[in-house]
Amino acid sequence: MNDIDFMKEALILAKKAFELGEIPIGALIVRDEKIIGRGFNRRSIDASPFAHAEMLAMKDAAENMRSWRFDDCTLYVTLEPCVMCAGAAVQCRMKRIVFGTRDSKAGAVGSLYNIPADKRMYHNCLIKEGILKAECSEILREFFSQKRKNNI
């Protein structure tokens, strides 16, 4: 599998979030070409500010690996990680972050900040963006469009 294939898997998770009324963001952790962690946004369902797709995928992967170190792992996520999630990726020494579309309001991997590439940090992640950008953007556009229609 390649970056496109893994992002397609992350989009499937984003669709699950959408179906549950959550902001549609999906994330995977991949190691040795195998998915070892999965997550989708569950903040409302779990009533938790920590239930971001990336955080849940990292928790799942850590449990599966029985380790907090992600030196040889890649995080795939449909939306650019926020400050919390980008910081967590640095904390666990994630090798790569691959994301679909930028988040101009909260993105911390290039949009507002670039935490994983900040040379002042003790660890830096390789970053790749724009994988299935149109698809990742569209699911978010559709979700918020439906939200606006339902609130009128």
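As shown above, the structure is provided for reference.
Residues numbered from 1 in each chain as written. Predicted model: local features only at pLDDT ≥ 70, side-chain atom pairs only at ≥ 80, totals over all residues. Heavy atoms only, no water.

Student: Could you clarify how one ought to interpret the pattern of salt bridges in this entry?
Tutor: Two side chains carrying opposite charge are able to pair once their charged atoms lie near each other. Counted under the stated rule, the structure contains nine salt bridges. Among the ionic pairs, Asp-3 bridges to Lys-128, the shortest N-O distance being 2.9 Å. With Asp-3 in helix α1 (residues 3-19) and Lys-128 in strand β5 (residues 126-129), this residue pair connects regions lying 125 residues apart in the sequence. With relative accessibility at 12%, the residue Asp-3 sits in the buried group. With its nearest N and O atoms 3.0 Å apart, the salt bridge here joins Asp-71 to Arg-69. Residue classification places Asp-71 among the partly exposed positions, given a relative accessible area of 38%. Relative accessible area serves as the criterion here: at 36%, Arg-69 is assigned to the partly exposed category. Through salt bridges that share partners, Asp-3, Arg-96 and Lys-128 make up one connected network. (Salt bridge = Lys/Arg side-chain N within 4 Å of Asp/Glu carboxyl O. Helix = DSSP H or I, 4+ residues; strand = E, 2+ residues; numbered from the N terminus. Buried < 20%, exposed > 50% of the residue type's maximum accessible area, 1.4 Å probe, protein only.)

Student: What is the right way to look at the packing of aromatic side chains in this model?
Tutor: Each aromatic ring pair is characterised by the separation of its centres together with the angle its planes make. According to the stated counting rule, one finds three aromatic pairs in the structure shown. Look at Phe-6 and Tyr-76: their rings are 5.2 Å apart centre to centre, the planes differ by 35°, and that puts the pair in the tilted class. Within this pair, whereas Phe-6 is found in helix α1, its partner Tyr-76 is found in strand β3 (residues 73-79), the two being separated by 70 residues in sequence. On the basis of relative accessibility, which here comes to 1%, the residue Phe-6 falls in the buried class. On the basis of relative accessible area, Tyr-76 is assigned to the buried category, the value being 3%. Relative to Phe-144, the ring of Phe-143 lies with its centre 5.1 Å away and its plane at 85°, an arrangement referred to as edge-to-face. A residue is classified by how much of its surface remains accessible, and Phe-144, at 34% relative accessible area, is partly exposed. The rings of Phe-18, Phe-143 and Phe-144 are connected pair by pair, giving a single aromatic cluster. (Phe/Tyr/Trp six-rings, centres within 6.5 Å; stacked < 30°, edge-to-face > 60°.)

Student: Would you mind showing me how to read the nonpolar core here?
Tutor: Across soluble globular proteins, nonpolar side chains have a tendency to be buried as a group. Among the nonpolar cores identified, the biggest contains 27 residues, and Ile-29, Met-58, Phe-70, Cys-73, Met-94 and Ile-97 are the most heavily contacted of them. For this core, the secondary-structure elements that each account for two or more residues are β1 (26-31), α3 (53-65), β3, α4 (83-91) and β4 (96-101). Discounting chain neighbours no more than four positions away, the residues touching Met-58 are Ile-29, Phe-70, Cys-85, Ala-88, Ala-89, Cys-92 and Met-94. Core analysis: the next-biggest nonpolar cluster, separate from the first, contains 18 residues, Phe-40, Val-98, Ile-131 and Phe-143 among them. (Core = buried A, V, L, I, M, F, W, Y, C linked by side-chain atoms within 4.5 Å. Contact = heavy atoms within 4.5 Å.)

Student: Which parts of the structure should I look at to understand the layout of surface pockets?
Tutor: If a probe the size of a water molecule is rolled over the atoms, the empty space left behind becomes visible. The volume enclosed by the largest pocket comes to roughly 440 Å³. Lining the largest pocket are 18 residues, with Ile-23, Ile-25, Leu-79, Asp-103 and Ala-106 sitting closest to its centre. Secondary-structure elements contributing two or more residues to the lining of the largest pocket are α3 and α5 (133-151). Residues that form the lining of the largest pocket fall into these classes: nine nonpolar, three polar and six charged. (1 Å grid on protein atoms, 1.4 Å probe; cavity = no way out; pocket = protein on both sides within 12 Å on 5 of 7 lines; lining within 4 Å. Points joined across faces, edges and corners; volume = space filled by probe spheres on them. Nonpolar A, V, L, I, M, F, W, Y, C, P; charged D, E, K, R; others polar.)

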